Amino acid sequence: MTDDVRNIVLGVIAAGISAALGWLTRSYVWRRRLRRKQAFFGLPGNSECLLVVNREAGGGDSAVHRHDVFALLELSALVKECSAHVQIVSHDGARQGFGERTEFCVGGPGSNRRMAAHLQSLLPGVKINTGPEPGPDRAAFQVGSERYRMESGVAEYVLLARLTGGQDARPVFLLCGQRAITNQAAARYLVRHYEKLLRKHRGNSFVLLLKVVNSQAYGPDVVELVGDVTRVAQAPLPAAPHTSHRAAG
C-alpha cells in the first residue's frame, strides 16, 4: 500500500469516526433534553395525560373558542413530542382527582368548572370576578391583596401554574386567562420557556402572572412576566384588596 493510499484510508476512517462521535453526541444531547422535558411535564414515554377543555364564554355547552382550540393544539403537539398520549375531556366531565396523570386545564373559572375547583382547593389566594355585569372589575383577578383589571385587546392577564400534590405525583398545569386569547398566550409561553422554568423552579410548583400586551395587534405573541405569585396565590386571601392596577399599568 502506497503512502497516498494509506493516507486516504486513514482519512476516511478518521472522518467516519468523527461522524459517528458527532452522531452519538447529538443523540445523547437530544435524549437528555427529552428526558428533562418529560420530567418537567410529567410525561414519560407512552404515558397518558388529560387536556381539560373549557366552553366558550357565552356560547353553547359544547362550543370552544378558536383561541382555546389553538391552545389545545399547541399543548397536544407538546405531548406528542414527549412520546405521550393525550385524552381530551370536557371541563364538566373530568370527575377525578389529580396526580395520577399530568393534566392541562385551560380556561377561566367562568367557563371551566374544573378550573374553578382547582383554584378553590389549590390556589385559595386567587379570586376571579366571573360575574356578567359590565364594569372595570369584570374578569378582574385578585391575587393576594392586588387586583388586576382587564383592558380588552390592550392588556389582559393570565395565570400559568404548575402544581403538584407530592413528590411522586404528576403535575397539573393551569392556564387561566381573562380571555381565550390569553389562554393561548399562556400555552405558547409554556412551550417556549419550559427550559427556563425548569432551571428556575427545579420541578417545584409555581404560579406565574403574565400580561398579554396589545393582543388586538399582536395576538398571543407579546407576553410580559408580571411576577412569580406562588406564595400569595397559595395563601388565603386577605380581608380586602388595598391596591388596584389599571390593565395597562
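See the structure shown above.
Here's what I pulled together on the structure shown here. Please read all numbers here as calculations on a predicted model, not as lab measurements.

**Observations concerning helix α3 (residues 113-122)**
Since the α-helix advances by 3.6 residues per turn, residues separated by three or four positions end up pointing in the same direction.
Right, so step 1: If you check which residues of α3 are buried, you get Arg114, Met115, His118, Leu119 and Leu122. Summarising the axial view, the buried residues of α3 lie within an arc of 140°, below the 170-degree limit, and thus occupy one face. Residues of α3 that are exposed and angled more than 90 degrees away from the buried face: Arg113, Gln120 and Ser121.
Right, so step 2: Next to the buried residues of α3 lie β1 (48-53), β3 (102-106), β4 (126-128), β7 (155-163) and β8 (172-177).
Right, so step 3: Capping the start of α3 is the job of one residue whose side-chain oxygen sits 3.0 Å from the backbone nitrogen of Arg114: Asn112.

**Remarks on the nonpolar core**
Right, so step 1: Membership of the largest hydrophobic core comes to 31 residues, with the highest contact counts inside it found for Phe40, Phe41, Leu43, Leu75, Phe104 and Leu190.
Right, so step 2: Of all elements in the fold, only α1 (3-41), β1, α2 (66-81), β3, β7, β8, α4 (180-201) and β9 (206-213) reach the threshold of two or more residues within this core.
Right, so step 3: Sorting elements by how many residues they give to this core places α4 first, with eight residues.
Right, so step 4: Look past the residues within four positions of Leu190 in its chain and what remains in contact with it is Phe40, Phe41, Leu75, Phe104, Leu160, Phe173 and Leu197.
Right, so step 5: Listed in part, the 24 residues of the second largest apolar core include Val126, Ile128, Phe141 and Tyr157.

**What to know about a positive patch on the surface**
Right, so step 1: Residues Arg31, Arg32, Arg35, Arg36, Lys196, Arg199 and Lys200 make up a contiguous surface patch of positive charge.
Right, so step 2: Breaking the positive patch down by element, the ones donating at least two residues are α1 and α4.
Right, so step 3: Looking at the positive patch element by element, the count peaks at four residues for α1.
Right, so step 4: Looking at the secondary structure, you find Arg35 in helix α1.
Right, so step 5: Classification of Arg35 by relative accessible area gives partly exposed; the value is 45%.

**Quick word on unusual backbone geometry**
Right, so step 1: The phi angle at Ser83 is positive, at roughly 60°, despite the residue not being glycine.
Right, so step 2: Looking at the element boundaries, Ser83 is found in the loop between α2 and β2 (85-90).
Right, so step 3: Given the relative accessible area of 38%, Ser83 is considered partly exposed.
Right, so step 4: At Asn214, a position not held by glycine, the phi torsion is positive, near 50°.
Right, so step 5: Checked against the element boundaries, Asn214 lands in the loop between β9 and α5 (215-218).
Right, so step 6: Of the residues examined, Asn214 reaches a relative accessible area of 21% and is grouped as partly exposed.

Calculation criteria
Each residue is numbered by its place in its chain's sequence as written, counting from 1. Selection of residues for local features in this predicted model requires a pLDDT of at least 70, selection of side-chain atom pairs for listing and counting requires 80 or more, and totals for whole chains, interfaces and linings are taken over all residues. No hydrogens and no water enter the side-chain calculation; it runs on all heavy atoms of the structure. Only protein chains enter the accessibility calculation, which uses a 1.4 Å probe. A residue is then buried if its area is under 20% of the maximum for its type, exposed if over 50%, and partly exposed in between. Numbering of helices and strands starts at the N terminus; helices are DSSP runs of H or I of at least 4 residues and strands are runs of E of at least 2. The arc in question is formed by the directions pointing from the helix axis toward the C-beta atoms. By definition, residues are in contact when any of their heavy atoms lie within 4.5 Å. Polar contact is the term for a pair of N or O atoms within 3.5 Å; when the atoms are in protein, one must be able to donate a hydrogen and the other to accept it, and sequence-neighboring residues count only if both atoms are side-chain atoms. Among the buried residues, those of types Ala, Val, Leu, Ile, Met, Phe, Trp, Tyr and Cys that are joined through side-chain atoms within 4.5 Å form a nonpolar core. A patch is a set of surface residues, each over 30% in relative accessible area and not in a salt bridge, joined within 9 Å for like charges and within 5 Å for the nonpolar side chains Val, Leu, Ile, Met, Phe, Trp and Tyr. Per-residue and other accessible areas were derived by the Shrake-Rupley procedure at a 1.4 Å probe size, with only the shown protein chains allowed to occlude residues. For this document, the term salt bridge refers to a Lys or Arg side-chain nitrogen within 4 Å of an Asp or Glu carboxyl oxygen. In summary, the charge assignment counts Lys and Arg as positive and Asp and Glu as negative, without counting His or the chain termini. The location of each charge is read from NZ of Lys, CZ of Arg, CG of Asp or CD of Glu.

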